[in-house]
Protein chains: 4
Amino acid sequence: MEPRIAGEWEVSTWLNAPADTRLEDYRGKVVVALAFQMLCPGCAQLAIPQFRKLHESIRHPKLAVLGLHTVFEHHGAMGKEALEAFAHEYRLQFPIAIDRPQGDSVPVTMERYAMQGTPTVLLIDGEGRLRMQHFGHLPDLELGLPLGALLG
Amino acid sequence: MEPRIAGEWEVSTWLNAPADTRLEDYRGKVVVALAFQMLCPGCAQLAIPQFRKLHESIRHPKLAVLGLHTVFEHHGAMGKEALEAFAHEYRLQFPIAIDRPQGDSVPVTMERYAMQGTPTVLLIDGEGRLRMQHFGHLPDLELGLPLGALLG
Amino acid sequence: MEPRIAGEWEVSTWLNAPADTRLEDYRGKVVVALAFQMLCPGCAQLAIPQFRKLHESIRHPKLAVLGLHTVFEHHGAMGKEALEAFAHEYRLQFPIAIDRPQGDSVPVTMERYAMQGTPTVLLIDGEGRLRMQHFGHLPDLELGLPLGALLG
Amino acid sequence: MEPRIAGEWEVSTWLNAPADTRLEDYRGKVVVALAFQMLCPGCAQLAIPQFRKLHESIRHPKLAVLGLHTVFEHHGAMGKEALEAFAHEYRLQFPIAIDRPQGDSVPVTMERYAMQGTPTVLLIDGEGRLRMQHFGHLPDLELGLPLGALLG
């Protein structure tokens, strides 16, 4: 079984990175990415602090920590300005893409990846292949083992 | 030293309660109240889950659990619709007052109570007297002891 | 319904208190006591840290924090010398009574109180009446509320 | 820099494994080992639950989880019978070696590895080389990353 290349993200813009950043730009890095919604309790209480810890304490030259804001409900309350306030308050400094909205429905990237909800954790290897896609918070040990395997 | 009567809250409306609800309506109850902002991490991660637990698991006829949304920053991201989405996602069913805004400044009740920030915990006894006002999350034991003393 | 007086403890000796200390000596105080075994995981991981916190951080003139070592299994591994090592390592400075053994069976006080196992939490009011006896670890909020009510 | 081969453990016996088991028997496996004392709070509260979780939930054919009981204080309270009671109560089913005592001093293996205290975490690769020796509890993420790298 061969893992497929992770599809390019379709986004409207980025926080903490240039607006034209592409997932492909991270080829050569191991990417650990969090698809989240700022008003999802499991994201704010568990996954977001974990990703902040990954970004701040794991100093590995091959590691890239990314966020993907996949708003599929309460669109009016989770726009770009609200996300910026959230990122400011939670002191998030890793790049966060905003998944391209499709009206009040599921945004484009979330749909293409067939994500079931938030949080969803993605692991992408240095060749850009999607090695893990997990719906729900992953405890540190269960995230650390496959991530460590990719970082080598 | 005599504790003073807790000043009436000046609010624009309530969630989970009629819009004309007054703090005074809870006279006779022991009130434990949380002044919070929905985008404050210490609120979403610590204080809000604690107050949800207080409301859901402490079945005491004299206890009233209340929230007070005291927005003093990022006003555009924490309006009524956003708070409703937040309360829905965090499954908050206790009454939550929205502190009356004063432009982009500190809202009225927060200013009158001279609160330092969020979260702030208030304890009000059955006679309406303010018995405790604490800035920052209160661990369960430190909240349980004075609350138990008031409930008797 | 009237709570009964908590029966005097039948002990072989005490740590951190004179050997002839009696429960009755604490009349006038609110007693929160932990019946435990040093090799019981729920004791070492949850209840013992909670009681150390009660003893160290709740400075209330009416509060007495006590331990009762109720060994009902693995008697060879939980004698006085072992308990002293345990209390030293866990930095326990509150008085700990050693329940009087009855061969390899349940010790005397544990039997008289009909305790189901360890940990067991006891709350005794200033008149010496047993106000709560709870088998299993009590979360901080559930312990703080009734303890606060007794401390007033 | 080349990591050295992990020195053979000098032990008096094993729990959950034949008495003549040798560290060398695990050549070909990735070994994660915990040097601990049963009465050390950081061991009982943090490291032991983590190793139990490693043993029970990480089903990897190349992984071996081991314990090493390195008693350097309170020798009278942490003999073999006491350790058996501890392992029974904490439901530890991975192999645990008992480091060979040297009177009331530091036991042989602990001395040879120059361990600073307990808990100490060891990581040994499939060729028997010591890849990590860490004094103190390692949070799950910090253990998972290097362990994942060895498991590949």
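See above for the structure.
Treat the numbers as computed from the prediction; the structure is a model and nothing was measured. (Residues numbered from 1 in each chain as written. Chains lettered and ligands numbered in written order. Predicted model: local features only at pLDDT ≥ 70, side-chain atom pairs only at ≥ 80, totals over all residues.)

Q: Just to check I follow, could you spell out the overall build of chain A for this structure?
A: Each helix and strand in chain A was counted, giving four helices and six strands. For 152 residues, the compact-globule estimate of 2.2 N^0.38 gives 15 Å, and the C-alpha radius of gyration of chain A, at 14 Å, lies within 12% of that figure. Taken across its 152 residues, chain A has 47% of its residues classed as buried. Summarising the internal contacts of chain A: among those between residues at least 6 apart in sequence, 73% fall at separations of at least 24. (Helix = DSSP H or I, 4+ residues; strand = E, 2+ residues; numbered from the N terminus. Rg over C-alpha atoms; globule rule 2.2 N^0.38 Å. Buried ≥ 20, exposed ≤ 12 C-beta atoms within 10 Å, placed from the backbone. Contact = placed C-beta atoms within 7 Å.)

Q: Explain the arrangement of the chains to me, please; I cannot follow it from the model alone.
A: Here chain A and chain C are not in contact; the least distance found between their C-alpha atoms is 20 Å. Chain D makes no contact with chain B, the minimum C-alpha separation between the two being 20 Å.

Q: Even after reading the chapter, I still don't get the interface of chain D and chain A, so can you show me in this structure?
A: When the parts come together, some accessible area is lost, and that loss is often what is quoted as the size of the interface. With 14 residues of chain D in contact, the opposing surface of chain A contributes 14 residues. Here the residues of the side of chain D that touches chain A are counted per class, giving nine nonpolar, three polar and two charged. (Nonpolar A, V, L, I, M, F, W, Y, C, P; charged D, E, K, R; others polar.)

Q: Help me understand the relation of the copies chain C and chain D in this model?
A: Between chain C and chain D, which share one sequence, the superposing operator has a rotation angle of 180° and an axial displacement of 0.0 Å; the RMSD is 0.0 Å. The symmetry that links the two subunits is that of a two-fold axis. Taking C-alpha positions as reference, the residue of chain C nearest the rotation axis is Gln45 of chain C, located at 2.6 Å. In this assembly the copies share their binding face: 100% of the residues contributing to the interface of chain C also contribute to that of chain D. (Least-squares fit on C-alpha atoms with pLDDT ≥ 70 in both.)

Q: So what exactly am I meant to see when it comes to helix H1 (residues 41–57) of chain A here?
A: Spacing of three or four residues puts side chains on the same side of an α-helix, whose turn is 3.6 residues. With 17 residues, H1 of chain A should cover 24 Å at 1.5 Å per step; its first-to-last C-alpha distance of 23 Å lies within 8% of that length. Within H1 of chain A, the full set of buried residues consists of Cys43, Ala44, Ala47, Ile48, Phe51 and Leu54 of chain A. Where H1 of chain A is buried, its residues meet strand E2 (30–36) and strand E3 (63–69) of chain A together with helix H1 (41–57) of chain B. (Expected span 1.5 Å × (residues − 1).)

Q: Would you mind showing me how to read the relation of the copies chain D and chain A here?
A: These two copies of the chain differ by a rotation about an axis and a displacement along the same axis. Mapping chain D onto chain A calls for a screw motion: a turn of 180° about the axis and a shift of 0.0 Å along it, with 0.0 Å RMSD after fitting. Mapped onto chain A, 100% of the interface residues of chain D again fall at the interface, so both copies present the same surface.

Q: Before we go on, may I ask you to explain the interface of chain C and chain D in this structure?
A: Each partner contributes residues to the interface: chain C has 14 residues there, and chain D has 14 residues. Tallying contributions element by element places helix H2 (residues 80–89) of chain C first for the side of chain C that touches chain D, with five residues. Here the side of chain C that touches chain D is built from residues that sort into nine nonpolar, three polar and two charged.

Q: What is the right way to read the sheet that holds strand E1 (residues 11–15) of chain A from this model?
A: For sheets, the rule is that strands pair by backbone hydrogen bonds, running either parallel or antiparallel. Residue and element names in this part refer to chain A. Spatially, six strands are ordered E1-E4-E3-E2-E5-E6 in an open sheet, and the strand pairing comes out mixed. Looking at which strands have only one partner, the edges of the open sheet turn out to be E1 and strand E6 (130–135). Adjacent strand axes in the sheet meet at a mean angle of 20°, parallel and antiparallel pairs treated alike. Pairing of E2 with E3, which is carried by seven bridges, proceeds in the parallel orientation. Residue Phe36 lies in a different strand from E3, and its bridge partner there is His69. Across the face of the sheet, helix H4 (residues 140–151) comes into contact with E2, E3, strand E5 (120–124) and E6 while running at roughly 20° to E5. (Pairing = 2+ DSSP bridges. Axes fitted to C-alpha atoms, helices over the stretch in contact; angles between N-to-C directions.)

Q: How should I be thinking about unusual backbone geometry in this particular structure?
A: Residues Thr118 of chain B and Pro119 of chain B are joined by a peptide bond in cis, for which omega reads -5°. Tracing the backbone through its elements, the reader meets Pro119 of chain B in the loop between helix H3 (108–112) and strand E5 (120–124). Unlike most non-glycine residues, His74 of chain A shows phi in positive territory, near 50°. For His74 of chain A, the location among the structural elements is in the loop between E3 and helix H2 (80–89). For His74 of chain A, a count of 20 C-beta atoms within 10 Å gives the class buried.

Q: Please explain the packing of helix H4 (residues 140–151) of chain B against helix H4 (residues 140–151) of chain C as it appears in this structure.
A: Axis angle and axis distance: for two packed helices, these are the angle between their axes and the distance between the axes, and together they describe the pair. Between H4 of chain B and H4 of chain C, the shortest axis-to-axis distance is 6 Å and the interhelical angle comes to 40°. When the axis of H4 of chain B is compared with that of H4 of chain C, the two are oblique. Our pair here, H4 of chain B against H4 of chain C, has a crossing hand that is right-handed. Contact residues: H4 of chain B offers Asp140, Leu141, Leu143, Gly144, Leu145, Pro146, Leu147, Gly148, Ala149 and Leu151 of chain B, while H4 of chain C offers Asp140, Leu141, Leu143, Gly144, Leu145, Pro146, Leu147, Gly148, Ala149 and Leu151 of chain C. For the contact of H4 of chain B with H4 of chain C, the class distribution of residues is 14 nonpolar, four polar and two charged. (Parallel < 35°, antiparallel > 145°, perpendicular 65-115°, else oblique. Left-handed = near helix turned anticlockwise from the far one by under 90°.)

Q: In this structure, what is going on with the nonpolar core? I would like to understand it.
A: The nonpolar side chains of soluble globular proteins are, as a tendency, buried together. Ala33 and Ala82 of chain A, Ala33 and Ala82 of chain B, Ala82 of chain C together with Ala33 and Ala82 of chain D are the most contacted members of the largest nonpolar core, which has 209 residues in total. The contact partners of Ala82 of chain A, leaving out residues within four places of it in the chain, are Met38 and Ala77 of chain A together with Ala77 and Ala82 of chain B. (Core = buried A, V, L, I, M, F, W, Y, C linked by C-beta atoms within 7 Å.)

Q: So what exactly am I meant to see when it comes to the pairing of E2 of chain A here?
A: Consecutive side chains along a regular strand alternate between the two faces of the sheet. Residue and element names in this part refer to chain A. The element E2 is extensively covered by neighbouring structure, given that seven of its seven residues are classed as buried. With five bridges joining them, E2 and E5 adopt antiparallel strand pairing. Pairing of Val31 across the sheet is with Ile124, part of E5.

All we've got here are geometric facts, nothing functional implied.
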